[in-house]
There are 4 protein chains.
Amino acid sequence: MPPFPPYIPPDFTRPDLAAAPPASTEKAPRDGVLPAGFHATSNHPEYVHLGGGRWLLAVESRMDAVLVLEDEGVRVVEPRLVREGERVVMGRAENGEDGIYVHTTGFEPLADASSGDKFGFRSRGTRETPFSRSYDELYDILRHDRDNGSIVWVLGPAVAFDRDSRDAMASLVGAGYCHALLAGNALATHDLEAAFFHTGLGQDIYTQALVPRGHYNHLDVINEVLRHGSLERAMAELGIGDGIIRACLERRVPVVLAGSIRDDGPLPEVITDSGRAQDAMRVHARRATTVIALATQLHAIAVGNMTPGYRVMDDGTVRPVYFYVVDMSEFIADKLANRGSAQARAILTNAQDFMVNLWHNLRG
Amino acid sequence: MPPFPPYIPPDFTRPDLAAAPPASTEKAPRDGVLPAGFHATSNHPEYVHLGGGRWLLAVESRMDAVLVLEDEGVRVVEPRLVREGERVVMGRAENGEDGIYVHTTGFEPLADASSGDKFGFRSRGTRETPFSRSYDELYDILRHDRDNGSIVWVLGPAVAFDRDSRDAMASLVGAGYCHALLAGNALATHDLEAAFFHTGLGQDIYTQALVPRGHYNHLDVINEVLRHGSLERAMAELGIGDGIIRACLERRVPVVLAGSIRDDGPLPEVITDSGRAQDAMRVHARRATTVIALATQLHAIAVGNMTPGYRVMDDGTVRPVYFYVVDMSEFIADKLANRGSAQARAILTNAQDFMVNLWHNLRG
Amino acid sequence: MPPFPPYIPPDFTRPDLAAAPPASTEKAPRDGVLPAGFHATSNHPEYVHLGGGRWLLAVESRMDAVLVLEDEGVRVVEPRLVREGERVVMGRAENGEDGIYVHTTGFEPLADASSGDKFGFRSRGTRETPFSRSYDELYDILRHDRDNGSIVWVLGPAVAFDRDSRDAMASLVGAGYCHALLAGNALATHDLEAAFFHTGLGQDIYTQALVPRGHYNHLDVINEVLRHGSLERAMAELGIGDGIIRACLERRVPVVLAGSIRDDGPLPEVITDSGRAQDAMRVHARRATTVIALATQLHAIAVGNMTPGYRVMDDGTVRPVYFYVVDMSEFIADKLANRGSAQARAILTNAQDFMVNLWHNLRG
Amino acid sequence: MPPFPPYIPPDFTRPDLAAAPPASTEKAPRDGVLPAGFHATSNHPEYVHLGGGRWLLAVESRMDAVLVLEDEGVRVVEPRLVREGERVVMGRAENGEDGIYVHTTGFEPLADASSGDKFGFRSRGTRETPFSRSYDELYDILRHDRDNGSIVWVLGPAVAFDRDSRDAMASLVGAGYCHALLAGNALATHDLEAAFFHTGLGQDIYTQALVPRGHYNHLDVINEVLRHGSLERAMAELGIGDGIIRACLERRVPVVLAGSIRDDGPLPEVITDSGRAQDAMRVHARRATTVIALATQLHAIAVGNMTPGYRVMDDGTVRPVYFYVVDMSEFIADKLANRGSAQARAILTNAQDFMVNLWHNLRG
């Protein structure tokens, strides 16, 4: 049995929904410009009423996109990608009165709904929240999704700064627990620095010793890769035998490296245009079943913005998408939780311990 | 008298420096690829020995760039901008033995050097460090640099989320205390959201009330600007009369908005390519005399990387460049302090209080 | 007009309350031991039904105390202070069905109640919450309470580590904005260290310079006070002319110093027994109208526990008690907000800026 | 071979030490009052010169105490415990010129000393420091000290808020890895709350569910223990079969519970006088070989103050005392590291993960 609750679709025979008008649309006045009064999506399941009681569920949704109505159905589109003349769904009511219904309770445990109890689950985790069950649930989900879903990792560079956490991540990739890796220039650079020099920003990833002139290490790594023309070629020719990137290349796990203004280099694979980088990340976010974002504020928020709270599987069933944020700071975890989605779960801890825990429990 | 210590250049008649060889160079093998063994710059004053006791100070320097030797002198170039065949200065010793001298003590107070006291100034500020003098010094520097320098602000969006801090920043711009503003899509978007709706991410910037459907506000703002084609046009036609961006437009203060993968929109002025954004930011960083980075980790580190610790003024004098980081978190402040530069100064506090304090003391 | 909402008492003619039984009591079986099933107080106004529609409001309440019924009324007593045989009010329902009514909406703005709007005020502040209005309201409250209330300060030592914040606090005391000061050994010690040596833990409170052998300073201060026998005598004989403690002595503002296991010394005035210290603090907490807790987790939580959310004034009117927490950390602020009380307000900032802001705005 | 470096005593034949005068003393003028100019101890090995080249090592030392000279040797005494007329060692030079020598390099790895390398180990850990080796070393030390040392745990209540971390700590006690437990009222209360109700402050320690009226749980627990008169009796009569306190009672591991002004209750075993609590904690701190302080700022600093950096074993050998601080916050870890001692090691992570990791690796 899958480790998540079944999806309960809305009851469209409910009087208020039965009386709902069809959704209206207006044409986009220009490429990338929306008609005033457009409807923006949440990451909950959203249904568009086509009239006559035909409600269409938007698939591969995300936050802050718009719904474009087409003959074949409804498409979720980022505003910047809307083309002139496309029919944009209008209206801001979420309860059906504009022909749009946002279904926020599709995955609610039945017991809770029936108990009428005002007590429930704390909405915000802090460092003092008990996380034992969060871990147990995560292990179950990952075991399930390894073979039946799509696990997307979003990594900050700190994962590569410690020997054991770097090894653990590489092992998880090797064992099939990663279907896509989204990160930045720094993660790849420091993973390679560790392979070349056993350091991260010049500090030994095991002994903590600062290596003389170690601040050159990441610059030398970047230069070597640029000299060879690609990560893959550089790693082959330089005989890089370990690490996170190595494991991804071996398993043919797609890696998206998004550029930022903080980058040295960058490595040749880094996508420097933020729009194109979003597009490349969105390919994996739209089909994710579980996302784990670790030790990175920028990338976690970016991927959080583009990940739906549910996924329509190929057989038509609807399941929740899990989104885990692992960070040391309540502030950052809260920021993500404030996305307006019930599915973001924070585990407040050090990324190193998290990785080591995970591998220890999943290596079976 | 300027509120900073005089620059004491190195004594090149010192035996070890007098005996130093000329710096050697190698040609870059390809565009963006460096010869192995290249010298990477710090943000301290660095001198290149041309031979015969002629030492050349690199101007408009930065961290992690290389020195390219040309007929007219030495140029500080980011590795990705090095062109094939350019002569890159080689060597990693910083003490002259490779013909390169990194001068770390040019701005040291004389008293300290002579006292031989092992006690000094704490290298890392925490929330419990006394900041009274830091503020007093900052006021002096800003008053001096308003007319005799170049003050560069690096702002996170939080500055626009509070009425008083937004007003304070706009007033500082209006009073001449800002020669360039470096920020992201979010700062500009939320500054305009405040002007249109008196909210930031849907929360009233004074009363803290969450406005119904306020999460549409920033999307509507972006769409309006895109419809008008530019920030300037949108603000004129919509009658935007206040705010930080408004103040910059009025004073013709250059604004660089760098894109990121977190962006909605973005606004038309946002530079979405991280390399081109770095180039645009570097124009101001290279000539900055004071930088104030506020409530933004990504931009603070990016600008920190590209700002020299000194500036050669038009009259040939050398002065320190001040770099202030204002943040709530010791972790982020430490990250910047670890840049290897003595000049980064952290003030651990809320960006709102900082702004209000500053304007209160500078408005005269 | 006072800067707070009027108190709306419960309507005891409401059918459910009209039908409520009288509260029941049981005798405490032993000193400091409660009958099982005792009622514990919140910090909201709580009413005890004596029968016949006579409801008695508990005065000078606090969290986690019990209600002892006496001939003259109902007394709020800490469990450890309950004496054998005293009649403890029983029952855990808060809606009247046990004869106890907890009135959580007495200070709610009428507009909100009537609007039926699901939007309201964010329950938790973060560093990005706009604080302009919080400050403005605080200024109003303090101006009002200086002459018509009781302002209790709860201070961590950091307030004395910076020259300007120490001066600001002393000035606030001098101007009548402090009716009681609750702190620990460290605040008093470092305030005196600043007076003697111009340092805090050996660091100059203005220049940030670490003074040679400065770690002796606080030990020497403590020893001097012990030699003189009391703070007051030591300050007189040593000619201490400034500081927070000095200002309190001059204005005859009561100072309660509670001991902790972290203390050096302690100073003679420190109350080393935690029960007796709680009793001494409670004298001021029970009559406070505004509490400001600054840069101290231990003391803020301790005072938070013992401060009611309302105060019955001498003329019988009921008013809210304001409780401000000023800290750098969302975690600590959240811990206090989780006290289950609506009245705790967090301002996330550095204690120094807070103090300086306050004095700047109140000095008139 | 023990997992720590050998102790290299000072070379007292060195000219400067050979020329050192004998230490001078002055009589304490009154109980708890020191002669001006007293010497205060660090937590490094300190030697007192008795004259004629006889140097005496202070045993069971601590920070901020004084040295009392007696016929049988030198005793380290907290200032408040000095009695009138006792001979207090005078002088503040640490290099021998006052007859006192503070030996800061006794445990330095020889390699480092000889390398003359300016690079070394980072003095401050952050969340991004690699901790793999810190863990490996800690496992070695704990395995060694279980049978050959004294492991003292200092615990905040958060350890009992999570099922797995509470179980892990109880198991570590059961397996002999704890020779003394220092904590506060809250740790014991919430450990018992978990045993009674499976909650911590009313939140289920596994499912995170908030239990209805769960805020009564800790009050009921305290009342039950008070009714039975002692922890031991309450646990026996109520059939408490698990938890940290239970494990300590079974293994006869001493538990010191220090009171604070934040306490409800407190439990009967809590020592409410801060001086007496310090005395009881110091019994264990003075003979500790390893201290692990977890998720408690107050207790970690208190125990840090009273723990020496070295221990003279019964056979006369000198070994380092390890002091680990486990916390989420750089600020708190830095505060402890600033104790002026080289031996404090921070691991920045969540206490829950730390406990689970530890038990997983030590259960063998």
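The structure presented is a predicted model; accordingly, all values stated were derived computationally and were not measured.

### Some thoughts on the overall build of chain A
(1) Moving on: When helices and strands are counted, chain A shows 12 helices and 17 strands.
(2) Moving on: Every one of the 364 residues in chain A was classed for burial, and the buried ones make up 61%.
(3) Moving on: Of the contacts formed within chain A by residues at least 6 apart in sequence, a portion of 69% connects residues at least 24 apart.
(4) Moving on: Here chain A displays about 13,200 Å² of accessible surface, and carbon together with sulfur accounts for 50% of that area.

### Here's the deal with the pairing of strand E9 (residues 180–184) of chain A
Residues and elements named next belong to chain A.
(1) Moving on: The element E9 is extensively covered by neighbouring structure, given that 5 of its 5 residues are classed as buried.
(2) Moving on: Side-chain alternation along E9 places Ala180, Leu182 and Gly184 on one buried face and Leu181 and Ala183 on a second face that is also buried.
(3) Moving on: The pairing of strand E8 (residues 151–155) with E9 spans 3 bridges and is classified as parallel. Residue tryptophan 153 lies in a different strand from E9, and its bridge partner there is leucine 181.
(4) Moving on: Note that the unit made of E8, helix H4 (residues 163–174) and E9 has a crossover that is right-handed.
(5) Moving on: Taken together, the 4 bridges between E9 and strand E12 (residues 255–258) define a ladder with parallel strand orientation. When the bridges of E12 are listed, leucine 181 appears paired with valine 255.

### Details of helix H9 (residues 274–285) of chain C
Residue and element names in this part refer to chain C.
(1) Moving on: Its 12 residues give H9 an end-to-end C-alpha distance of 16 Å, which sits within 8% of 16 Å, the value for a rise of 1.5 Å per residue.
(2) Moving on: Within H9, 9 of the 12 residues are buried, which leaves it mostly tucked inside the rest of the structure.
(3) Moving on: Of all the residues in H9, the buried ones are Ser274, Gly275, Ala277, Gln278, Ala280, Met281, Arg282, His284 and Ala285.
(4) Moving on: In this fold, the buried residues of H9 make contact with strand E5 (73–77), strand E8 (151–155), strand E9 (180–184), strand E12 (255–258) and helix H10 (297–306).

### Notes on the interface of chain C and chain D
(1) Moving on: Each partner contributes to the interface: chain C provides 42 residues, whereas chain D provides 42 residues.
(2) Moving on: Counting across the chain C and chain D interface gives 2 salt bridges.
(3) Moving on: Residue Asp220(C) pairs with Arg92(D) through a salt bridge whose shortest N-O separation is 2.7 Å.
(4) Moving on: The interface formed by chain C and chain D holds 20 residue pairs in polar contact (both at pLDDT 80 or more) in total.
(5) Moving on: Residues belonging to the side of chain C that touches chain D are distributed by class as follows: 15 nonpolar, 15 polar and 12 charged.

### Quick notes on the packing of aromatic side chains
(1) Moving on: Enumeration according to the criterion identifies 32 aromatic pairs over all chains in this entry.
(2) Moving on: Among the aromatic residues, those joined into a ring-pair cluster are Phe12(A), Tyr47(A), Trp55(A) and Tyr101(A).
(3) Moving on: Arg92(B) extends its terminal NZ or CZ atom over the ring of Phe38(B), reaching a point 4.8 Å from the ring centre.

### Here's the deal with the relation of the copies chain A and chain D
(1) Moving on: With an RMSD of 0.0 Å, the operation that places chain A on chain D is a rotation of 180 degrees combined with a shift of 0.0 Å along the axis. Look at the turn and shift together and you get a two-fold axis relating the two. No C-alpha of chain A lies nearer the rotation axis than that of Thr349(A), which sits 2.6 Å from it.
(2) Moving on: When you check the interface residues of chain A against chain D, 100% turn up at the interface there too, and the contact is symmetric in its surfaces.

### Comments concerning the sheet that holds strand E7 (residues 100–102) of chain D
All names here are of chain D.
(1) Moving on: Spatial strand order, E3-E2-E7: 3 strands in an open sheet with antiparallel pairing. Sheet topology places strand E3 (54–57) and E7 at the edges, where each strand pairs with a single neighbour. Between one strand axis and the next, the sheet turns through 25 degrees on average, direction left out of account.
(2) Moving on: Of the pairings in the sheet, the one linking strand E2 (residues 46–51) to E7 comprises 3 bridges and is antiparallel in character. The partner of glutamate 46 across the bridge, within E7, is valine 102.

### Section: the domain arrangement of chain A
Residue and element names in this part refer to chain A.
(1) Moving on: According to the domain assignment, chain A contains domain 1 (15–102) and domain 2 (132–362).
(2) Moving on: Here domain 1 and domain 2 have C-alpha centroids that lie 33 Å from each other.
(3) Moving on: Contact with domain 1, which involves 15 residues of that partner, is made by 20 residues of domain 2.
(4) Moving on: Of all residues in domain 1, Asn43, Glu60 and Met63 give up the largest surface area on contact with domain 2, accounting jointly for 43% of the area buried on that side.
(5) Moving on: Along the contact surface separating domain 1 from domain 2 lie 4 salt bridges.
(6) Moving on: Across the domain 1-domain 2 interface, the total number found is 11 residue pairs in polar contact (both at pLDDT 80 or more).
(7) Moving on: Each residue belonging to the side of domain 1 that touches domain 2 can be placed in one class, and the counts come to 7 nonpolar, 3 polar and 5 charged.

### Re the relation of the copies chain C and chain D
(1) Moving on: Of the transformation placing chain C onto chain D, the axial shift is 0.0 Å and the rotation is 180 degrees, giving an RMSD of 0.0 Å.
(2) Moving on: Looking at chain C, 100% of its interface residues are interface residues in chain D too, so the copies touch through the same face.

### Focus on the packing of helix H12 (residues 351–362) of chain B against helix H12 (residues 351–362) of chain C
For any two helices packed against each other, the geometry is given by the interaxial angle and the distance between the axes.
(1) Moving on: Closest axis-to-axis distance for the H12(B)/H12(C) pair is 10 Å, and the angle between their directions is 45 degrees. Taken together, the axes of H12(B) and H12(C) are oblique relative to one another. Helix-helix and strand crossings are classified by hand; for H12(B) and H12(C) the assignment is left-handed. Here H12(B) contributes Asp353(B), Phe354(B), Val356(B), Asn357(B) and His360(B) to the contact with H12(C), which in turn contributes Asp353(C), Phe354(C), Val356(C), Asn357(C) and His360(C).
(2) Moving on: Its residues assigned to classes, the contact of H12(B) with H12(C) comprises 4 nonpolar, 4 polar and 2 charged.

### Examining the confidence of the model for chain A
All names here are of chain A.
(1) Moving on: A residue-level look at chain A finds 94% of positions with pLDDT of 70 or above and a mean pLDDT of 93.
(2) Moving on: Low pLDDT, under 50, characterises residues 110–123; the predicted model gives this stretch 17 contacts beyond four residues in sequence or across chains.
(3) Moving on: Both scores are available for the predicted complex, with the pTM at 0.95 and the ipTM at 0.95.

### Description of helix H6 (residues 217–228) of chain C
Residues and elements named next belong to chain C.
(1) Moving on: Look at H6: 17 Å from first C-alpha to last across 12 residues, which is about the 16 Å you get at 1.5 Å a residue.
(2) Moving on: The element H6 is extensively covered by neighbouring structure, given that 10 of its 12 residues are classed as buried.
(3) Moving on: Within H6 the residues assigned to the buried category are Asn217, His218, Leu219, Asp220, Val221, Ile222, Asn223, Glu224, Val225 and His228.
(4) Moving on: Looking at the buried residues of H6, the elements they touch are helix H5 (185–197), strand E10 (199–200) and helix H7 (231–238).

### Overview of the interface of chain A and chain D
(1) Moving on: Tallying the contact residues gives 45 residues for chain A and 45 residues for chain D.
(2) Moving on: One can count 2 salt bridges joining chain A with chain D.
(3) Moving on: Notably, a salt bridge pairs Arg163(A) with Asp136(D), separated by 3.5 Å at the nearest N-O pair.
(4) Moving on: On the surface where chain A and chain D come into contact, there are 30 residue pairs in polar contact (both at pLDDT 80 or more).

### Describing the pairing of strand E3 (residues 54–57) of chain C
Residues and elements named next belong to chain C.
(1) Moving on: Burial of the side chains of E3 is restricted to one face: Trp55 and Leu57 are buried, whereas none of Arg54 and Leu56 on the reverse face is.
(2) Moving on: Note: strand E2 (residues 46–51) against E3, 4 bridges, orientation antiparallel. Directly across from glycine 51, in E3, lies its bridge partner arginine 54.
(3) Moving on: Between E2 and E3, which follow one another and run antiparallel, lie 2 residues, and glycine 52 among them has a positive phi close to 65 degrees.

### Remarks on the environment of Pro35(D)
Residue and element names in this part refer to chain D.
(1) Moving on: Within the secondary structure, proline 35 is located in the loop between strand E1 (25–27) and E2.
(2) Moving on: Each C-alpha atom, one on proline 35 and one on methionine 90, is 8.2 Å from the other, the two residues being 55 residues apart in sequence.
(3) Moving on: In contact with proline 35, not counting residues within four places along its chain, are Glu26, Lys27, Ala28, Pro29, Val88 and Met90.

### Considering the sheet that holds strand E6 (residues 87–89) of chain A
Residue and element names in this part refer to chain A.
(1) Moving on: An order of E1-E6-E4-E5 is seen for the 4 strands of this open sheet, with the pairing classed as antiparallel. Strands with a single pairing partner mark the edges of an open sheet, and in this sheet they are strand E1 (25–27) and strand E5 (73–77). Looking at each pair of strands side by side, their axes are set apart by 40 degrees on average, direction ignored.
(2) Moving on: Across 2 bridges, strand E4 (residues 66–70) lies against E6 in antiparallel orientation. Its bridge partner being in E6, leucine 69 is matched across the sheet by arginine 87.

### With respect to the pattern of salt bridges
Proximity of charged atoms lets side chains of opposite charge pair with each other.
(1) Moving on: Counted under the stated rule, the structure contains 96 salt bridges over all chains.
(2) Moving on: Across the pair Arg127(B) and Glu330(B) runs a salt bridge whose closest N-O atoms are separated by 2.8 Å. Residue Arg127(B) is found in the loop between helix H2 (110–115) and helix H3 (132–148), and its partner Glu330(B) is found in helix H11 (residues 330–337); the two are separated by 203 residues along the sequence.
(3) Moving on: Taking relative accessible area as the criterion, Glu330(B) reaches 3% and is therefore assigned buried.
(4) Moving on: Connected through shared salt-bridge partners, Glu60(A), Arg286(A), Arg287(A) and Asp314(A) make up one network.

Rules used in this analysis
Residues numbered from 1 in each chain as written. Chains lettered and ligands numbered in written order. Predicted model: local features only at pLDDT ≥ 70, side-chain atom pairs only at ≥ 80, totals over all residues. Heavy atoms only, no water. Helix = DSSP H or I, 4+ residues; strand = E, 2+ residues; numbered from the N terminus. Buried < 20%, exposed > 50% of the residue type's maximum accessible area, 1.4 Å probe, protein only. Contact = heavy atoms within 4.5 Å. Areas by Shrake-Rupley, 256 points an atom, 1.4 Å probe, with all protein chains shown as cover. Pairing = 2+ DSSP bridges. Right-handed = clockwise from strand over helix to strand, strands pointing away. Expected span 1.5 Å × (residues − 1). Salt bridge = Lys/Arg side-chain N within 4 Å of Asp/Glu carboxyl O. Polar contact = N/O pair within 3.5 Å; in protein donor to acceptor, adjacent residues only side chain to side chain. Nonpolar A, V, L, I, M, F, W, Y, C, P; charged D, E, K, R; others polar. Phe/Tyr/Trp six-rings, centres within 6.5 Å; stacked < 30°, edge-to-face > 60°. Lys NZ or Arg CZ within 6 Å of the ring centre and 35° of its normal. Least-squares fit on C-alpha atoms with pLDDT ≥ 70 in both. Axes fitted to C-alpha atoms, helices over the stretch in contact; angles between N-to-C directions. Domains from an automatic or database assignment. Buried area = accessible area lost by both parts, 1.4 Å probe. Parallel < 35°, antiparallel > 145°, perpendicular 65-115°, else oblique. Left-handed = near helix turned anticlockwise from the far one by under 90°. pLDDT = per-residue confidence, 0-100.

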